[in-house]
Amino acid sequence: MNTFFIAVGLSICLLTLLVLYRVVFGPGVYNRVAAISAIGTKTLIVLLIFGFLYNREDMFIDISMVYALLNFIGCIAAAKYLEMGS
Amino acid sequence: MSVMMALSILCILGGLFFFTTATIGLLRFPDFFSRLHATGKGDTLAVSLSLIGLALYEGFSLAALKIVFIAVFMLLAQPTATHAISKAGIRSGVKPWMKEEGKE
Amino acid sequence: MIYRSDDIIVKTISRILIPFIQLYALYVIAHGHYSPGGGFQGGVILGASLVLLFLTRGYDEAKTRISEKTVIIFASLGLLIYSGIGLICLLLGGNYLDYSKLSVLLHVNPARARALGILGIETGVGFAVMAVMFSIFFDISTGGVLPEDEEEK
């Protein structure tokens with residue numbers, strides 16, 4: 001079971017590196033905001049898989065919930081700022 | 001291997017498949033709004049499936065209930081964020097991709 | 001600058017979600033000794049929930065819920081709780097922030113009095129951090145000019 005978790009975690013890390021291309025090369029700023037939201041979602045799963053690997057899942061569940069909250073609020077704030085211009 | 005373990009492995013593999021298709025869509029689509037479709041819908045489904053798979057791996061305990069709470073919050077919050085970005089994009093004048101006039 | 005959000009979807013979802021975010025922040029403050037969290041982290045999440053409230057409604061509507069004067073009072077209240085507990089321990093005959101002397105006041109044994117003292121201090125820190133986070137956001141975004149001052153010109 002441990003090797004299965006390590007394999008899934010490494011695959012999601014590889015997908016994150018692929019999304020990074022869109023963050024750097026996206027024409028315009030809106031593509032970059034959408035790609036950063038996608039990176040945040042993938043990071044959440046990687047954090048949980050870390051918790052399950054080290055047998056301390058109680059700790060990592062709280063951390064990933066906080067990160068989901070901050071990702072949501074940051075995305076809405078960025079969209080608001082780009083629409084109305086400060 | 002019990003039934004719960006097999007179900008959880010199935011759910012996590014399904015989540016990984018949807019993550020892959022969402023990323024390929026984000027890279028290859030020609031326009032901003034189609035990329036937003038790919039990452040908004042595909043990522044939400046993939047996260048929900050992965051979290052349900054991880055909760056099934058735990059069994060019946062407090063930690064599994066907390067993971068289900070995270071999944072419900074993600075199902076509510078991620079489409080709202082996608083909607084906010086797309087509305088900001090339309091109001092700022094990003095043009096959608098249309099077929100050119102000459103090609104049939 | 002007054003913020004207004006004309007979206008009905010974002011307004012409704014944030015109206016549903018903000019009480020649960022605040023409840024989760026109180027859980028993080030209270031479980032500081034066992035899981036990652038404590039005073040500062042819970043205060044940041046509380047401040048983030050207030051920022052979401054002001055982002056999705058305009059300044060005029062959100063002013064009826066919580067005005068800026070209330071938030072400044074919260075900052076001072078947090079500091080008062082923190083220093084007050086320390087000073088009470090000093091007046092009862094121990095060092096500053098020596099919680100075992102609180103067992104005289106609360107009629108429990110000294111080990112339990114230490115745990116309760118730490119809980120009180122984390123609450124004070126949480127309130128102060130929430131107020132400061134919200135004040136930073138508000139002052140940077142409006143540039144120190146309130147809409148009442150703009151109308152008088």
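Residues numbered from 1 in each chain as written. Chains lettered and ligands numbered in written order. Predicted model: local features only at pLDDT ≥ 70, side-chain atom pairs only at ≥ 80, totals over all residues.

> Which residues make up the overall build of chain A, and what values do they have?
Counting its secondary structure elements, chain A contains three helices and zero strands. Computed over C-alpha atoms, the radius of gyration of chain A comes to 15 Å, more than 25% over the 12 Å expected from 2.2 N^0.38 for 86 residues, which places it beyond the range of a compact globule. Along the first, second and third principal axes, the C-alpha atoms of chain A reach 50 × 25 × 10 Å. For chain A, the residues scored as buried account for 34% of the 86 residues in total. (Helix = DSSP H or I, 4+ residues; strand = E, 2+ residues; numbered from the N terminus. Rg over C-alpha atoms; globule rule 2.2 N^0.38 Å. Buried ≥ 20, exposed ≤ 12 C-beta atoms within 10 Å, placed from the backbone.)

> Please provide a residue-by-residue account of the overall build of chain B, values included.
Counting its regular elements, chain B contains three helices and zero strands. Ordered by position in the sequence, the α and β elements of chain B form the string α-α-α. Relative to a compact globule of 104 residues, whose C-alpha radius of gyration would be 13 Å, chain B shows 18 Å and is clearly more extended. With the C-alpha coordinates aligned to their principal axes, the bounding extent of chain B is approximately 60 × 30 × 15 Å. Every one of the 104 residues in chain B was classed for burial, and the buried ones make up 38%.

> Before we move on, can you summarise the interface of chain B and chain A with the specific residues and values?
Chain B puts 31 residues into the contact, and the matching count from chain A is 34 residues. The greatest single-element share of the side of chain B that touches chain A, amounting to 13 residues, is contributed by helix 3 (residues 62-91) of chain B. In terms of residue class, the side of chain B that touches chain A is built from 21 nonpolar, six polar and four charged. (Contact = placed C-beta atoms within 7 Å. Nonpolar A, V, L, I, M, F, W, Y, C, P; charged D, E, K, R; others polar.)

> Any details on the nonpolar core? Residues and values, ideally.
Core analysis: the largest hydrophobic core is formed by 74 residues, its most contacted members being A:L69, A:F72, A:C75, A:I76, A:A79, B:I85 and C:M130. Once residues lying within four places of it in the same chain are set aside, the contact partners of A:L69 are C:I21, C:I45 and C:A48. (Core = buried A, V, L, I, M, F, W, Y, C linked by C-beta atoms within 7 Å.)

> With reference to specific residues and values, describe the environment of B:R35.
Along the chain, the position of B:R35 falls in helix 2 (residues 32-58). Taking the C-alpha atoms as reference points, B:R35 and B:G25, separated by ten residues in sequence, lie 6.5 Å from one another.

> Tell me about the packing of helix 3 of chain B against helix 1 (residues 8-30) of chain C, and name the residues and values.
At their nearest, the axes of helix 3 of chain B and helix 1 of chain C sit 10 Å apart, and the two run at 150° to each other. Overall, the two elements helix 3 of chain B and helix 1 of chain C adopt an arrangement that is roughly antiparallel. As helix 3 of chain B runs across helix 1 of chain C, the sense of the crossing is left-handed. Together, B:L76, B:T80, B:H83 and B:A84 of helix 3 of chain B and C:I9, C:V10, C:I13 and C:L17 of helix 1 of chain C make up the contact between the two elements. (Axes fitted to C-alpha atoms, helices over the stretch in contact; angles between N-to-C directions. Parallel < 35°, antiparallel > 145°, perpendicular 65-115°, else oblique. Left-handed = near helix turned anticlockwise from the far one by under 90°.)

> Talk me through helix 2 (residues 39-56) of chain C; I want residue IDs and the actual numbers.
Here helix 2 of chain C contains 18 residues, and its C-alpha end-to-end distance of 27 Å stays within 8% of the 26 Å for a straight helix at 1.5 Å per residue. If you check which residues of helix 2 of chain C are buried, you get C:G39, C:G42, C:G43, C:I45, C:L46, C:G47, C:A48, C:S49, C:L50, C:L52, C:L55 and C:T56. Along its buried surface, helix 2 of chain C packs onto helix 3 (57-84) of chain A together with helix 1 and helix 6 (110-142) of chain C. (Expected span 1.5 Å × (residues − 1).)

> Lay out the confidence of the model for chain B with the relevant residues and their values.
Confidence in the prediction of chain B, expressed as mean pLDDT, is 89, and 95% of residues score 70 or more. With pTM at 0.88, the complex prediction returns an ipTM value of 0.88. (pLDDT = per-residue confidence, 0-100.)

> Can you break down the packing of helix 3 of chain A against helix 3 of chain B residue by residue, with the values?
Two numbers describe how helix 3 of chain A lies on helix 3 of chain B: the axes approach to 9 Å, and their chain directions differ by 15°. Between helix 3 of chain A and helix 3 of chain B, the interaxial angle falls into the category roughly parallel. Both helix 3 of chain A and helix 3 of chain B take part in a crossing whose hand is left-handed. Where helix 3 of chain A abuts helix 3 of chain B, its residues A:E57, A:D58, A:I61, A:S64, A:M65, A:A68, A:F72, A:C75, A:I76, A:A79, A:L82 and A:E83 lie against B:A63, B:K66, B:I67, B:I70, B:F73, B:M74, B:A77, B:A81, B:A84, B:I85, B:A88 and B:R91. Of the residues contributing to the contact of helix 3 of chain A with helix 3 of chain B, the split by class is 18 nonpolar, one polar and five charged.

> Tell me about unusual backbone geometry, residues and numbers included.
Located in the positive-phi region is A:N55, a residue other than glycine, with phi close to 65°. One can find A:N55 in the loop between helix 2 (30-53) and helix 3. Overall, A:N55 belongs to the exposed group, with 7 C-beta atoms counted inside 10 Å. At C:L97, a residue that is not glycine, the phi angle is positive and equals roughly 65°. Of note, C:L97 is situated in the loop between helix 4 (68-91) and helix 5 (103-106). By C-beta crowding, C:L97 is classed as partly exposed, having 16 other C-beta atoms within 10 Å.

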